[in-house]
Every structure is written in structure tokens, then in C-alpha cells.
Amino acid sequence: HFGRARFLRNGVVDSLVNTITKKAGLGVRYPSHYYRSLPGSGKTQLANLVAVKLQEKLTNSEVFLVLNSSSLDKLDPQKVDESIHRLDGLGKIAVIIVDEAHNNPKSEL
């Protein structure tokens, strides 16, 4: 894919992963990043690449990729919170990457 090669060649993925891992290492509990661009510009491809790279780099993490935020309505916020606390108790970091966040502005997650 052209977008994949461009993101990797330009260091975009590594830059994002380094920023996220640095914040995690500093103890930032809920760092967030928001990216927007035109349709077809590669945001979903970028989310996938970042998720894979984070899982490789953060060996003490669980990375969850939600490709469409409308699916968040099907999740129980209390169960998600419990899962995150369980991972925290195991010394793991939960990373949740949400694509198409604008599709569900009312989600509790």
C-alpha cells in the first residue's frame, strides 16, 4: 500500500509510537491523541500500523484497536473499566485506539 510505505518511510509511525510510549513511561494515565484528515488519507492504515508497533514495543501492554467507534455502544463501560484495572493489577498498560471516533460522539467510553 502506498500509504503504509509513506507512513513508515517518513517515520510517522515511529514518531507516534515514541510519543505514546514516552507518556506511558512517565506515568501519564490517560494520554490521548486525536488525528483528523480528509477521507481516504490513510488514518485507518495509520491506526493499524501504530497498534502493531505499540504491541511490539510495549511488551507490558494490551493494545485494543476499535475500527469504528459505533461498536463502542455494544461494550459495557463497567466491564471495560474492570478489564483495565485487572491489567493494571498485572502491571500491564491498556492502550485503546479508536478509529472513526466522530461516528459516536455520545459513547461513554
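The structure this text deals with has already been given above.
Model, not experiment: these values are computed from the prediction. (Residues numbered from 1 in each chain as written. Predicted model: local features only at pLDDT ≥ 70, side-chain atom pairs only at ≥ 80, totals over all residues. Heavy atoms only, no water.)

With that settled, consider the pattern of salt bridges. All told, the structure shown has one salt bridge when counted by the stated rule. Measuring nitrogen to oxygen at the nearest pair gives 3.5 Å for the salt bridge that ties Lys53 to Asp14. Here Lys53 is found in helix 3 (residues 43-57), whereas its partner Asp14 is found in helix 2 (residues 12-25), with 39 residues between them in sequence. What makes Lys53 partly exposed here is its relative accessible area of 28%. (Salt bridge = Lys/Arg side-chain N within 4 Å of Asp/Glu carboxyl O. Helix = DSSP H or I, 4+ residues; strand = E, 2+ residues; numbered from the N terminus. Buried < 20%, exposed > 50% of the residue type's maximum accessible area, 1.4 Å probe, protein only.)

With that settled, consider the packing of helix 2 against helix 3. Contact geometry of helix 2 with helix 3 gives a least axis separation of 9 Å together with a crossing angle of 55°. When the axes of helix 2 and helix 3 are compared, the pair comes out oblique. The way helix 2 lies across helix 3 gives a crossing that is right-handed. Within the contact between the two elements, helix 2 uses Val12, Val13, Asp14, Leu16, Val17, Asn18, Ile20 and Thr21 and helix 3 uses Leu46, Leu49, Val50, Lys53, Leu54 and Lys57. Of the residues contributing to the contact of helix 2 with helix 3, the split by class is nine nonpolar, two polar and three charged. (Axes fitted to C-alpha atoms, helices over the stretch in contact; angles between N-to-C directions. Parallel < 35°, antiparallel > 145°, perpendicular 65-115°, else oblique. Left-handed = near helix turned anticlockwise from the far one by under 90°. Contact = heavy atoms within 4.5 Å. Nonpolar A, V, L, I, M, F, W, Y, C, P; charged D, E, K, R; others polar.)

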